[in-house]
Structure formats: structure tokens, C-alpha cells
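# Observations on the three-dimensional arrangement
Here are the chains, one letter per residue:
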Amino acid sequence: MMAVDYPTAKSTIMEEAVKKIKVTKTTKSRLSEVDFNNLVFGKKYADHMLVADFDGKEWKNAEILPFQHISVSPSNAAWHYGQAIFEGIKAYKDEEGNPMIFRPHDNYARFNRSAERMGMPDVPEWLFVGGMAMLIDLDRGWVPSNPGCSLYLRPFMIAADEFIGVRPSDTYKFMIINSPSGPYFNKPIHLLVQDKYIRAFPGGVGYAKAAGNYGGAMYPTMQARKQGYDQILWVDGFEHKYLQECGTMNVFVIIGNRAYTPDLTNGTILAGVTRMSVMEILTDMGLEVIEGPVSIEDVVKAWKDGSLREVFGTGTASSVAYVEHLDYKEHQIRLDTNKYDVGAEVINRLDAIRTGKTADDKGWNFRI
């Protein structure tokens with residue numbers, strides 16, 4: 001996916017957003033209740049949220065208002081038939097304390113691909129990107145500045161029809177909430193290669209960021225955690241040997257001077273925005289990046305012959321997560337993450353761009 005030239009479109013997006021989105025500020029901020037030195041991922045939420053309604057023809061009632069509960073009917077179609085999608089995006093502060101959203105247009109494009117697959121309407125750019133920028137501007141005090149921390153943004157859309165019948169909803173609700181967060185994983189992770197349960201098949205919804213994809217993974221992940229693992233490394237549903245996704249992340253395998261990552265051809269893998277970013281950074285670092293089928297058997301072989309250097313996951317929530325243990329049947333792969341020079345350099349370069357410490361030559365940051 002090509003990087004978007006944000007400055008060209010930014011003024012138009014923001015003008016339309018400001019024109020169409022009502023703002024109601026909170027009368028009492030909760031910012032003082034947050035310990036920014038001890039942030040836990042997904043536990044605290046900023047003062048404001050964005051909401052909008054689709055009435056079957058157009059988006060309306062767009063408003064930024066104080067964070068609060070919403071009233072939803074028990075007959076809401078999303079509860080019964082799973083029409084629900086979401087995105088994960090992060091905002092950081094540059095060295096002058098100004099917020100920047102990392103690659104929001106790429107998440108915006110993926111959100112609407114998910115919407116199409118789930119029979120839901122597109123969300124306009126002024127609402128998704130412009131509304132998000134307005135929301136962060138209002139809640140800029142909630143953007144952490146501590147290393148490894150960020151403001152996690154959760155745009156989502158759910159069906160809104162009050163009707164129990166198997167058909168796409170006519171009406172929908174779109175929302176964005178914000179959460180100041182620390183690292184998703186604070187240590188290297190242990191993975192179990194799951195060859196019994198399957199995450200996705202070609203022709204399904206694996207490439208969409210649909211809520212049901214994560215719901216279906218809960219039970220196998222719960223069983224893996226009982227065995228001491230942090231996440232599952234999923235494999236394909238036909239031969240049960242080709243790597244797919246790593247829990248909530250895409251996966252990279254460094255063998256020699258090559259970086260391997262599963263390709264998106266079959267539509268079973270999420271097109272991660274962090275994945276795209278890491279692929280570009282790895283190329284800049286001089287590694288050959290290969291998208292294609294990655295066999296767990298090849299990973300085991302590389303580990304045995306000493307050419308397996310690193311395995312790590314990438315995702316918005318997790319950023320870059322080192323894999324320390326990787327278990328597949330009788331094979332117990334143990335890696336020394338203290339020697340992860342590739343992953344460490346990827347993290348350094350990615351963080352430098354996201355926090356404005358180095359020039360954003362790729363045009364990834366949307367400055368507020």
C-alpha cells in the first residue's frame with residue numbers, strides 16, 4: 001500500500017470534520033486520576049469519545065462528547081449476528097509535545113475493507129480521520145510521553161437495528177474511544193504453534209478486523225495460556241504447517257539475512273499497518289524481505305542448523321514483540337532475545353519516526 005500524502009488532503013479533511021462534528025466538552029476532566037508512570041494497556045479511557053449514526057442512507061449526529069455509557073436495545077443486531085468491526089491506532093507525542101497519529105489513513109482504508117466484507121457501510125474520511133484528529137486535539141493531555149507508551153485509539157462500528165432476523169442491518173453506530181496505554185507485552189513471549197484449531201480459511205473473513213475473528217480465538221488461546229503460553233501461532237487450515245498470524249499480531253522470521261513473513265494472498269491474514277511499516281524498515285536496513293508461504297518445518301530446520309536468528313510479532317497494540325519460546329509438537333525452540341539485533345533496530349527506527357525524533361521521510365505521521 002502506498003503511503004498517503006497527508007498534508008495535501010489534511011486541510012480539506014479537517015475543514016469538513018469541523019463543519020460536521022459537534023463538540024460537547026466535559027465539565028470535569030478525569031486526567032488527574034491517571035498514573036502515567038504505571039499505565040496498563042486498555043484499562044483507562046480519556047475524557048471524550050466520538051459517536052455517529054448511519055440511518056440507512058447517510059452518516060449523521062456526529063458528535064464528540066464526554067466518555068459515557070451508551071444505551072443499546074437487547075434486540076440489537078450486533079449482539080445476535082456479529083456485525084462488528086474495529087481498528088487499533090496509536091498517537092504519540094513529538095519532542096515538542098505535539099500529538100501525531102501514526103498512519104491513520106492506512107487504518108481508515110482497512111476499516112472500510114472490513115466494512116465491505118461484513119456488509120456494512122463505508123465510513124467517510126472526514127469522520128474517521130478528521131474526527132479522530134479533533135478528538136485527540138481535545139484530549140491531547142491524555143497522550144503519554146513516557147517511552148513505550150501511547151494513546152491507543154479504538155474506532156469501531158456495530159449494527160444498530162433493533163431486529164432479530166438474519167440480514168444485514170440497515171442502521172449502524174460508529175464510535176472512537178481513546179486509552180492511554182503502556183506496552184501490551186512487557187517481556188518476550190512464549191508461543192504455541194496451534195495445529196488443531198484454525199483461525200481462518202480462504203474465502204472467509206480472516207483479512208477483516210471483525211470482532212468474531214477474535215471471539216473464535218478465545219477458547220484455544222485460553223487453553224494455551226493454561227499451559228504457560230502467552231499466545232498462539234496459528235497455521236493454515238489445509239496442511240496445518242504454514243504460518244498465519246501470531247495471536248493479535250503478524251509474524252516475522254529472520255533466517256540469515258532474510259526476513260520472512262506470510263503473504264496476504266489467501267485472505268486469511270490481517271494486512272497489518274505495523275507489518276507494512278516493519279517490512280519497509282527491514283528493507284531500509286538491507287535485509288531481503290520475502291512475502292510468501294512460511295512453513296513451521298522450515299523454521300524448525302533453520303533453528304536446528306543455527307540459521308534462525310529471530311522470531312517476532314508485529315501489531316499496533318504490541319508494536320514489536322520478541323518471541324523467546326516457540327513450541328511445535330516435540331520441538332521446543334528456544335531463542336536468546338538478548339541477541340535480537342534486527343528486532344532492536346526495527347523498534348528503534350519505528351519509535352524514532354512515531355515520536356518525531358527522526359525525519360518522517362515516509363509521510364507516516366498525521367500531525368495534530
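Residues numbered from 1 in each chain as written. Predicted model: local features only at pLDDT ≥ 70, side-chain atom pairs only at ≥ 80, totals over all residues. Heavy atoms only, no water.

As named in an unreviewed UniProt entry, the chain is Branched-chain-amino-acid aminotransferase, taken from Chitinophaga cymbidii. Listed in UniProt under the heading Sequence similarities (unreviewed entry), the comment for the chain reads: "Belongs to the class-IV pyridoxal-phosphate-dependent aminotransferase family." Among the UniProt annotations of the chain, the heading Function (unreviewed entry) holds the following wording: "Acts on leucine, isoleucine and valine." (UniProt positions renumbered as here; feature names shortened; annotations may be inferred.)

Now for the nonpolar core. Nonpolar side chains in soluble globular proteins generally cluster together in the buried interior. Counting 56 residues, the largest nonpolar core has I21, W59, L127, F128, M157 and F174 as the members making the most contacts within it. No other element matches helix 4 (residues 125-138), which puts nine residues into this core. Other than its neighbours up to four places away in sequence, F128 contacts E87, I89, P104, N107, Y108, F111, V123, P155, F174 and I176. (Core = buried A, V, L, I, M, F, W, Y, C linked by side-chain atoms within 4.5 Å. Buried < 20%, exposed > 50% of the residue type's maximum accessible area, 1.4 Å probe, protein only. Helix = DSSP H or I, 4+ residues; strand = E, 2+ residues; numbered from the N terminus. Contact = heavy atoms within 4.5 Å.)

What follows is about the packing of helix 3 (residues 104-117) against helix 4. Their axes nearest at 10 Å, the elements helix 3 and helix 4 cross at an angle of 145°. Like other packed secondary-structure pairs, helix 3 and helix 4 cross with a definite hand, here right-handed. Residues P104, H105, N107, Y108 and F111 of helix 3 lie in contact with helix 4, whose contacting residues are E125, F128 and V129. Residue classes in the contact of helix 3 with helix 4 are distributed as five nonpolar, two polar and one charged. (Axes fitted to C-alpha atoms, helices over the stretch in contact; angles between N-to-C directions. Left-handed = near helix turned anticlockwise from the far one by under 90°. Nonpolar A, V, L, I, M, F, W, Y, C, P; charged D, E, K, R; others polar.)

Below, the discussion takes up the pairing of strand 12 (residues 250-255). In terms of residue burial, strand 12 counts as a mostly covered element, since six of its six residues are buried. What you see with strand 12 is no split at all: N250, F252 and I254 on one side and V251, V253 and I255 on the other are buried throughout. In the sheet, strand 12 pairs with strand 15 (residues 308-315) via six bridges, with the strands oriented antiparallel. Among the inter-strand pairings, I254 is bridged to a residue of strand 15, identified as E310. Turn length for the strand 12-strand 13 (residues 258-261) hairpin, with the two strands adjacent in sequence and antiparallel, is two residues, and the turn residue G256 shows positive phi of about 60°. (Pairing = 2+ DSSP bridges.)

A separate point is the packing of aromatic side chains. A full pass over the atoms with the stated rule returns 17 aromatic pairs. Considering the side-chain rings of F54 and W59, the 5.3 Å spacing of their centres and the 55° angle between planes classify their relative orientation as tilted. Looking at F54, the relative accessible area reads 12%, which means it is buried. Between F252 and F312, the aromatic rings sit 5.7 Å apart at their centres with planes inclined by 25°, giving stacked as the arrangement. In this pair, F252 sits in strand 12 while F312 sits in strand 15, placing the two residues 60 residues apart along the sequence. (Phe/Tyr/Trp six-rings, centres within 6.5 Å; stacked < 30°, edge-to-face > 60°.)

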